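Fold and geometry: a report
One-letter residues, chain by chain:
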Amino acid sequence: MADQTHVLFVEDDDVIREATQLALERDGFAVTAMPDGLSGLEAFRTNRPDIALLDVMVPGLDGVSLCRRIRDESTVPVIMLSARADSIDVVLGLEAGADDYVTKPFDGAVLVARIRAVLRRFGHASGPDRTEEADPAADGGVLTFGDLEVDTEGMEVRRDGQPVALTPTEMRLLLEFSSAPGTVLSRDKLLERVWDYGWGGDTRVVDVHVQRLRQKIGQDRIETVRGFGYKLKA
């Protein structure tokens, strides 16, 4: 298991849990599968997986609450699974700290592709090699925007001199904005660059992550350009 990517999979439906576990194991993942949120939390703390797949509607501790508990302790990537694509399910999961979501029923190949896309961006949290273009005067890879400092080499963010804790997805999103301050980035472009989507994705993922990022770096730092996207104020 040490050489494999370890997936924590929490799903209460026996058929889905067993079939998905087998499919992931065939693709080379090591899987710990749990039927409810409380056992999932215990397994997370015991095994420290590389990624967590959490069904929204599981007994004991629902998937959204479990995601919050995991996020309180770790920045490990989380993908929410839901039988519904309703806005409330999606937004609650993302606001709890999830990095992506997949709607059931899902194709096994699609789920594996989404897992690998998340793992790629977490394994390359330094982001694209465009940060040097953001500010030729940046000192040692540190970009400054008002009271905000982004260390593109050390992968650290400070606001008013105080460290800001970002998840890897939030960090990649901020790196995209800071690589082109004042430039409007569309939701589709952000999905492509940050979430590694080579296909159309749900732009709510971008909107909720921008909202979460604003809460950490300042509500006015990222501006909404209606009909086009977002931009970082230089």
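The structure we're discussing is the one just above.
What you see is a predicted model; the values in this text were computed from it and never measured.

Side note on the packing of helix H6 (residues 168-178) against helix H8 (residues 204-217)
Where H6 meets H8, the axes come as close as 10 Å, and the angle between the chain directions of the two elements is 85 degrees. Put simply, H6 runs roughly perpendicular to H8. Contacts between H6 and H8 involve Thr169, Glu170, Leu173, Leu174 and Phe177 on the former and, on the latter, His209, Val210, Arg212, Leu213, Lys216 and Ile217. Partitioning the contact of H6 with H8 into residue classes produces six nonpolar, two polar and three charged.

Structural notes on helix H3 (residues 63-73)
Among the residues of H3, Gly63, Val64, Leu66, Cys67, Ile70 and Arg71 are the ones counted as buried. For H3, the buried positions fall inside an angular range of 155 degrees around the axis, keeping them on one side. In this structure aspartate 62 caps H3, since a side-chain oxygen of it lies 3.0 Å from the backbone nitrogen of valine 64.

A short note on the sheet that holds strand S5 (residues 100-103)
Spatial ordering of the open sheet is given by S2-S1-S3-S4-S5, a layout of five strands whose pairing is parallel. Only two strands of the sheet have a single partner each, and these edge strands are strand S2 (30-34) and S5. Taken pair by pair, the neighbouring strands of this sheet meet at an average axis angle of 20 degrees, ignoring direction. Sheet analysis places strand S3 (residues 51-55) next to strand S4 (residues 78-82), joined by four bridges and oriented parallel. Among the inter-strand pairings, aspartate 55 is bridged to a residue of S4, identified as leucine 81. Taken strand by strand, helix H5 (residues 108-123) contacts S3, S4 and S5, and its axis lies near 180 degrees from that of S5.

Things to note about the sheet that holds strand S7 (residues 148-151)
Taken in spatial order, the four strands line up as S6-S7-S8-S9 in an open sheet, and their pairing is antiparallel. Sheet topology places strand S6 (142-145) and strand S9 (162-163) at the edges, where each strand pairs with a single neighbour. Strand direction decides the pairing type here: S6 and S7, joined by four bridges, are antiparallel. Following the sheet pairing, threonine 144 is matched in S7 by glutamate 149. Sitting on the sheet, H6 is in contact with S6, S7 and strand S8 (156-159), with an inclination near 105 degrees to S7.

Re helix H2 (residues 37-47)
Along an α-helix, residues three or four apart share an orientation, since each turn contains 3.6 residues. Within the sequence span of H2, burial applies to Gly37, Ser39, Gly40, Leu41, Ala43 and Phe44. Structurally, the start of H2 carries an N-cap: the backbone nitrogen of leucine 38 is 3.1 Å from a side-chain oxygen of aspartate 36. Just downstream of H2 lies arginine 48, where phi reads positive at about 45 degrees.

A few points about unusual backbone geometry
Residue proline 105 is reached from lysine 104 by a cis peptide bond, and omega for that bond is 0 degrees. Mapped onto the secondary structure, proline 105 falls in the loop between S5 and H5. One non-glycine residue, arginine 48, lies in positive phi territory at about 45 degrees. Structurally, arginine 48 can be placed in the loop between H2 and S3. Accessibility expressed as a relative area gives 43% for arginine 48, which makes it partly exposed.

Quick look at the side chain of threonine 167
Mapped onto the elements of the fold, threonine 167 is located in the loop between S9 and H6. If we ignore the near neighbours within four places in the chain, the residues touching threonine 167 are Arg71, Thr75, Asp99, Arg212 and Lys216.

Rules behind the numbers
Position numbers for residues start from 1 in each chain and track the written sequence from start to end. Since the coordinates come from a predicted model, pLDDT governs what is reported: local features require at least 70, and pairs of side-chain atoms require 80 or more to be given and counted, while whole-chain, interface and lining totals use all residues. Remark: hydrogens and water are excluded; side-chain values derive from all non-hydrogen atoms of the structure. Only the contacting stretch of a helix is used when fitting its axis, a line to C-alpha atoms as for every element, and angles between N-to-C directions run 0 to 180 degrees. Numbered from the N terminus, helices here are DSSP runs of H or I no shorter than four residues, and strands are runs of E no shorter than two. Angles below 35 degrees are treated as roughly parallel, those above 145 as roughly antiparallel, those between 65 and 115 as roughly perpendicular, and all remaining angles as oblique. Throughout, a contact is declared for two residues whenever any of their heavy atoms are within 4.5 Å. Gly falls in the polar group here, along with every residue not listed as nonpolar (Ala, Val, Leu, Ile, Met, Phe, Trp, Tyr, Cys, Pro) or charged (Asp, Glu, Lys, Arg). Between buried and exposed lies partly exposed: a residue is buried under 20% and exposed over 50% of the maximum accessible area for its type, with that area taken using a 1.4 Å probe on protein chains only. In this description, one arc is meant: the one made by directions from the helix axis to the C-beta atoms. Nitrogen and oxygen atoms within 3.5 Å of one another constitute a polar contact, given that in protein one can donate a hydrogen and the other can accept it, and given that sequence-neighbouring residues count only through two side-chain atoms. We call two strands paired when DSSP finds no fewer than two bridges between them.

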